[in-house]
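Per-entry structural report
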Number of protein chains: 2
Amino acid sequence: MKPTIRDVAKMAGVSISTVSRVMNAPDTVVESKRSRVMEAIEALKYQPNAFARGLIYKKSFTLGLLIPDIENLYFAGVIRGMQDACIKLGYSLMICNTDRDKERTLSYIDTFHEKQVDGVVFASDVLYTEYYEKLVGCRIPFVLVSSHSDEYEVASVEVDDEKAAYDAVKFLIELGHQEIGMIGFNHDNSVSGPPRFAGFVRALKEFGLERNVEKVKYANHRFEQAYQASHELFSEYPELTAVFCVADEFAMGTISYLKDRNILVPGQVSVIGFDNLRMSGMFIPKLTTIAQPIYQLGYRAAEKLHELLTTGSVAVMKEKMEHKLIVRESSREK
Amino acid sequence: MKPTIRDVAKMAGVSISTVSRVMNAPDTVVESKRSRVMEAIEALKYQPNAFARGLIYKKSFTLGLLIPDIENLYFAGVIRGMQDACIKLGYSLMICNTDRDKERTLSYIDTFHEKQVDGVVFASDVLYTEYYEKLVGCRIPFVLVSSHSDEYEVASVEVDDEKAAYDAVKFLIELGHQEIGMIGFNHDNSVSGPPRFAGFVRALKEFGLERNVEKVKYANHRFEQAYQASHELFSEYPELTAVFCVADEFAMGTISYLKDRNILVPGQVSVIGFDNLRMSGMFIPKLTTIAQPIYQLGYRAAEKLHELLTTGSVAVMKEKMEHKLIVRESSREK
DNA sequence: TTGAAAGCGCTAACAG
DNA sequence: CTGTTAGCGCTTTCAA
């Protein structure tokens, strides 16, 4: 049996209240008893039972994190940031991988409810009504990261997707490209799909290149799908000399396709990615991309949730973090 | 306030024991009351408090997972497998990323202790005495995945590293390579470092190629380090025509270095990796590698821990899973 | 400064 | 079949 507060009390020859006090308000206990209690705690390797504490405090000091795909390096960064923030703020973290499955997501929310997590961070996926209502129904405070909600009043932290996409495409245009295509996220099951497309369109229009607006194919988060989408894109628009990919993984799929077709990158076609995953510096060629402050996004999300938990609201509802263009080798020189 | 069992009882007009019964032994309650209780539960979105339950059962139905590096795709696979097994077995999962930091690892074990996790899976890292003693001191049952312990009696699941390395090197030799180098894990802070080196040596000796035994450089888990190690390896042994890398990430680093030196892969040098990460099929060239059943390793580790938790011991202490050679494009044709 | 005792939400005897 | 009651381990009044 794990030792309880009673065992410590007995060993130290004091009452359980005294033991409790040395843990929560040490200076209300005289030195002599305090040190005896500390010794006993040490000797028994006593650790207060989190269940008993939770029952009283009605807090678990645990946060939940819902991510769509743990095999996507993007989320590894978010997790690291959030985990570091949790350590700083005194929370434990419960990470759940939903695979973008509704049943599974809902069931994880149940688990969070049952384990009484203090709050949850919901990453990237779209906040479907079912999710929102379940979270609200369970009275679980939550914030969104790499996502936002137009329908509901929910705090969020993300990058300015429209602006970032605009910057990427503008960069391509300034490199001299006139025939530019895009591999995007489907608009109906992603939150950054529409704004990134909008940024693509805005840059094109600004430079009188609107004829490219339709040169877009969509993929569903993974490499293989982007490979396939590139195939469709280039079959239909062989004149393309540049592609804006809304994810680094898409850029890799696109480059892979181009390579199989013996089309040189960046010699014949420039490719720009999005995210700046750790992998993007390892790929051949190294990816030119729009960097998101991934780690910071996770860190900030945890802080924001903490703010919500402790003050009942957040100072800024829809927070944007800075993105940055990183020029490497997959785009041609000026 | 979240509703308690009392609220449900009141609304359904029964005692709290009856409510408890419909949750734990439904058929001992008459249909009429049972359905009234179910309705009340539904209406209030009642979810039993895990703290109160934990206090009684002395079980949290939560497992802990300690991984060294969440940004390594290898662990993403382990996590998925373990998470699926947890769903099947009725556990929640608490994942902690140690960054291979001792302080941090020890502190996570404290957290696990405090949250009363039922058991923990410890991944890949070496089981230092401090870890072992703390875990045992806290009376937390645990198993090792992608690791094992020679010193202690601890259950583990992994691949046969020596045999897998042997197979990789033998494959290279059978391709006709005579000058073979290796990029390995440091022997003092990794568990698979020594056996993989041993497999390298055995294959070499078996084919009378022991002169290559010293052509080894070491790196510390990441791409950049492998890039640097390759630089050292090829500066010292420019005659090399093949390299056995003990991780796919090392293979990518090596290929990246070779590419920067304008050495063709597989034209001039064959490179074989280890793990078969999802990335290895996305890289250019696609990696020839030794596949580990990563997902299954995670799944099996959770099952094994469950076995330990429920029966008090495991049928097989040191379990090995099958590896497989995957031939793709980074090795030359025969 | 300290101890006794109530109670957090739930389960499991024990009566009825 | 159902209700009453005694804890599970801890914190927190309330007295002493």
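Further up the page is the structure itself.
Cut-offs and rules
- Residues numbered from 1 in each chain as written.
- Chains lettered and ligands numbered in written order.
- Predicted model: local features only at pLDDT ≥ 70, side-chain atom pairs only at ≥ 80, totals over all residues.
- Heavy atoms only, no water.
- Helix = DSSP H or I, 4+ residues; strand = E, 2+ residues; numbered from the N terminus.
- Rg over C-alpha atoms; globule rule 2.2 N^0.38 Å.
- Buried < 20%, exposed > 50% of the residue type's maximum accessible area, 1.4 Å probe, protein only.
- Contact = heavy atoms within 4.5 Å.
- Areas by Shrake-Rupley, 256 points an atom, 1.4 Å probe, with all protein chains shown as cover.
- Lys, Arg positive; Asp, Glu negative; His and termini not counted.
- Charge placed at Lys NZ, Arg CZ, Asp CG, Glu CD.
- Near = heavy atom within 4 Å.
- Polar contact = N/O pair within 3.5 Å; in protein donor to acceptor, adjacent residues only side chain to side chain.
- Phe/Tyr/Trp six-rings, centres within 6.5 Å; stacked < 30°, edge-to-face > 60°.
- Least-squares fit on C-alpha atoms with pLDDT ≥ 70 in both.

**Considerations on the overall build of chain A**
Secondary structure assignment for chain A yields twelve helices and twelve strands. Computed over its C-alpha atoms, the radius of gyration of chain A comes to 25 Å, more than 25% above the 20 Å expected for a compact globule of 334 residues. Its C-alpha atoms give chain A principal-axis dimensions of roughly 85 × 40 × 35 Å. In chain A, which comprises 334 residues, the share counted as buried stands at 57%. Sequence-distant contacts, at least 24 apart, represent 70% of the contacts inside chain A between residues at least 6 apart. Only carbon and sulfur atoms are counted for the fraction: they give 51% of the accessible area of chain A, which is about 13500 Å². Averaging the positions of the 40 positive and the 45 negative side-chain charges in chain A gives two centres separated by 7 Å.

**Regarding the protein's contact with DNA strand C**
Around DNA strand C, a shell composed of 26 residues is seen, among which Thr18(A), Arg21(A), Val30(A), Ile5(B) and Tyr46(B) lie nearest. Here DNA strand C approaches the protein such that, of its atoms within 4 Å, sugar and phosphate make up 68%. One of the side-chain N or O atoms of Asn24(B) is found 3.3 Å from a phosphate oxygen in DNA strand C. In this structure, Ala52(B) approaches DNA strand C through a main-chain N or O atom, which is 3.4 Å from a base nitrogen. Elements with a contribution of two residues or more to the surface near DNA strand C: α2 (16-24) and α4 (50-57) of chain A together with α1 (5-12), α2 (16-24) and α4 (50-57) of chain B.

**Quick notes on the packing of aromatic side chains**
All names here are of chain A. This model, assessed by the stated rule, comprises 25 aromatic pairs over all chains. Centre to centre, the rings of Tyr-128 and Tyr-131 are 5.4 Å apart; their planes meet at 85°, and the pair counts as edge-to-face. Taking relative accessible area as the criterion, Tyr-128 reaches 22% and is therefore assigned partly exposed. Exposure remark for Tyr-131: the relative accessible area of 0% places this residue in the buried category.

**A short note on the relation of the copies chain A and chain B**
Between chain A and chain B, which share one sequence, the superposing operator has a rotation angle of 180° and an axial displacement of 0.1 Å; the RMSD is 0.1 Å. Interpreted geometrically, this transformation is the action of a two-fold axis.

**Observations concerning the side chain of Glu249(B)**
Along the chain, Glu249(B) turns up in helix α11 (residues 248-260). At a separation of 2.9 Å, a polar atom in the side chain of Glu249(B) contacts the main-chain amide nitrogen of Phe223(B).

**Some points on the side chain of Asp161(A)**
Residue and element names in this part refer to chain A. Mapped onto the elements of the fold, Asp-161 is located in helix α8 (residues 161-174). Reaching out from Asp-161, the side chain makes a polar contact with the side chain of Arg-196 at a distance of 2.7 Å. Residue contacts for Asp-161: discarding those within four places in its chain leaves Ser-192, Pro-195, Arg-196 and Phe-274.

**Notes on unusual backbone geometry**
Omega for the bond connecting Val265(A) with Pro266(A) falls within 30 degrees of zero, at 5°, which places this linkage in the cis form. Structurally, Pro266(A) is set in the loop between α11 (248-260) and β9 (270-275). Note that the residue after Ile284(B), namely Pro285(B), is joined by a cis bond; omega there is -5°. You will see that Ser124(B), though not glycine, has its phi angle at about 65°, which is positive. Residue position: Ser124(B) is located in the loop between β3 (119-123) and α7 (129-137). Although it is not a glycine, Asn262(B) adopts a positive phi angle of roughly 65°. Of note, Asn262(B) is situated in the loop between α11 and β9 (270-275). Asn262(B) sits in the exposed class, given a relative accessible area of 64%.

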